[in-house]
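# An overview of the molecular structure
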Amino acid sequence: MQITDVEISVQRRTPNPMPIADALQILPGAGSVTVRLLTDDGVNGEGSVGFGRIAGAPDALAALIEHELKPLIVGQDPVMVRHLHQQMLRETEYHGSAGLATFGICAIDTAIWDCLGRARGVPCWQLWGGVHRRIKAYAMVGWLNYGDDEVQEICTRAVAQGFAAVKIKVGYPTLKQDIARVECVRRAVGDDIDIMVDANQSLTTAEAITRGRAFEALGCLWWEEPLPADDIDGYTALAHGLDIPVATGENLYSVADFARFLKRDAVDIVQPDLRRAGGPTALLQIGALADAFRIPYASHGGGPVQLNIMACLPNAWYLETGLLSDDSPMSLQDGTVALPMGPGFSWE
Ligand SMILES: [Mg+2]
């Protein structure tokens, strides 16, 4: 099989006039880029990456894929997917593979795996070999800009849909406000629902320890990304100084970054992001690496690609998703979702 073309399309999006916010940034949404990989035997594959902000980002990424990655990929055999992943990392190393380049590598890597699954008529998790049939899922629903009534209403809806856990943003100016937010959500969801808290890199180490102890006393399930993503010394101090598990990884950009965190005991739960880590090839490596350290894997972001990957990781713990829409292909049973059964990364 030979890749004959990579079609690139940009989906631009009008910024949301009522954007969601976390402790680090405001997220009006900024469209996405989709690549469609064509082969000489007629089997195609698709990969898509989206942006939470930066209106020009999809166009910048489309140019990077067109001029840097596509010339490497066209004419190659998709079964050499891991070799192609290495080639893309090597090619972009000159200006830095971490950043926008990994978004592009992700789109192509996803499209290649999708193509390989479709060529064999099976979901990718069956190509790789499964270990789970269902995956626990939680709802990330508590944005920082929501008022108390709003956050209670949306968390209540998540529980009504069947979620057994909800995640909320924290990192308000004061600990008192953070505690009030957790207590407000606890009143809405009751005692049997787990609550995770996420401060999106906004605190100092000392403040993260103080707030972490408070969240631990409130019974929160994990304490997510309280420090800047690359502060490995700070995360080591947190992981050693707190009993509540510390989760991080959505802003790490390579398998080697995760290796450094794992070796330093700086993370209790890894949370790789498909786009920033560089696609399914990288996530499978990160998941296996974390498993060797007996560290659980919780996805950053949801969707069928993350589900296919988690199906193959013994340490898969929690899929992140939002509230389920009426036309969602996912439904919850005992707080878990079924795996996609369509070829490649498709749902059915
Ligand atoms: Mg997060």
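Residues take numbers from 1 onward in each chain, read along the sequence in its written order. Only residues with pLDDT of at least 70 are given local features in this predicted model, and only at 80 or more are side-chain atom pairs given and counted; all residues enter the totals for whole chains, interfaces and linings.

### Focus on the overall build of the chain
Inclusion rule: By definition, any uninterrupted DSSP run of H or I lasting at least four residues is a helix, any uninterrupted run of E lasting at least two residues is a strand, and each is numbered from the N terminus. Radius of gyration: over C-alpha atoms. The globule rule applied is 2.2 Å multiplied by the number of residues raised to the 0.38 power. Remark: C-beta atoms are placed from the backbone, and a residue is labelled buried if 20 or more other C-beta atoms sit within 10 Å of its own, exposed if 12 or fewer do, or partly exposed between those counts.
When you go through the chain residue by residue, the secondary structure sums to twelve helices and 14 strands. What you see for the chain is a C-alpha radius of gyration of 20 Å, in line with the 20 Å of a compact globule of 348 residues. Oriented by its inertia axes, the alpha-carbon framework of the chain measures out at about 60 × 45 × 40 Å. Relative to its 348 residues, the chain shows a buried fraction of 46%.

### Some details on the sheet that holds strand 5 (residues 45-50)
Basically, it comes down to this: A pair of strands is considered paired only if DSSP assigns at least 2 bridges between the two. Axis definition: a line fit to C-alpha positions, over the contact stretch in the case of helices; interaxial angles, taken between N-to-C directions, run 0 to 180 degrees.
Strands sit in the order 1-4-5 across an open sheet of three strands; the sheet is antiparallel. In this open sheet, the two edge strands, each paired with only one partner strand, are strand 1 (3-11) and strand 5. Ignoring strand direction, the axes of neighbouring strands in this sheet form an average angle of 15°. Judged from the eight bridges that link them, strand 1 and strand 4 (residues 32-39) form a sheet pairing that is antiparallel.

### Points about unusual backbone geometry
Backbone geometry at Asn200 places phi at a positive 50°, although glycine is not the residue there. Topologically, Asn200 is positioned in the loop between strand 8 (194-198) and helix 7 (205-217). The class for Asn200 is buried, based on 20 C-beta atoms found within 10 Å. Although it is not a glycine, Asp265 adopts a positive phi angle of roughly 55°.

### Focus on the nonpolar core
Just so we agree on the cut-off: For this analysis, nonpolar core means a set of buried Ala, Val, Leu, Ile, Met, Phe, Trp, Tyr and Cys residues linked through C-beta atoms within 7 Å. Per the annotation, domain bounds derive from an automatic or database assignment of domains. Any residue pair is listed as a contact if its two C-beta atoms, each placed from the backbone, are within 7 Å.
Counting residues in each nonpolar core, the largest one holds 98 residues, and the members touching the most others are Ala107, Ile108, Ile112, Val166, Ile195, Cys220 and Met310. Counting residues per element, this core draws most heavily on helix 3 (residues 100-120), at 13 residues. Summarising the domain contributions, this core has at least three residues from each of domain 1 (3-120) and domain 2 (126-338). With near-sequence residues (within four places) excluded, Ala107 lies in contact with Val33, Val35, Gly47, Ser48, Val49 and Ile65.

### Thoughts on the pairing of strand 8
Rules: When the strands point away from the viewer, a crossover counts as right-handed if the route from the first strand across the helix to the second turns clockwise.
With four of five residues buried, strand 8 is to be regarded as a mostly interior element. Examined bridge by bridge, strand 7 (residues 165-169) and strand 8 share five bridges and lie parallel to one another. Paired with Ile168 across the two strands is Val197, which belongs to strand 8. In terms of handedness, the path from strand 7 via helix 6 (residues 175-189) over to strand 8 forms a crossover that is right-handed. Examined bridge by bridge, strand 8 and strand 9 (residues 223-224) share two bridges and lie parallel to one another. Bridge assignment links Val197 to a residue of strand 9, and that residue is Trp223.

### Overview of the domain arrangement of the chain
Reports of interface size often rely on the accessible area that becomes lost once the parts have come together. Splitting the chain by domain gives domain 1 (3-120) and domain 2 (126-338). Put simply, the middle of domain 1 and the middle of domain 2, counted by C-alpha atoms, are 24 Å apart. At the junction of the two partners, domain 1 supplies 21 residues and domain 2 supplies 21 residues. Among the elements of the structure, strand 2 (20-21), helix 2 (81-92) and helix 3 are those that each provide at least two residues to the side of domain 1 that touches domain 2.

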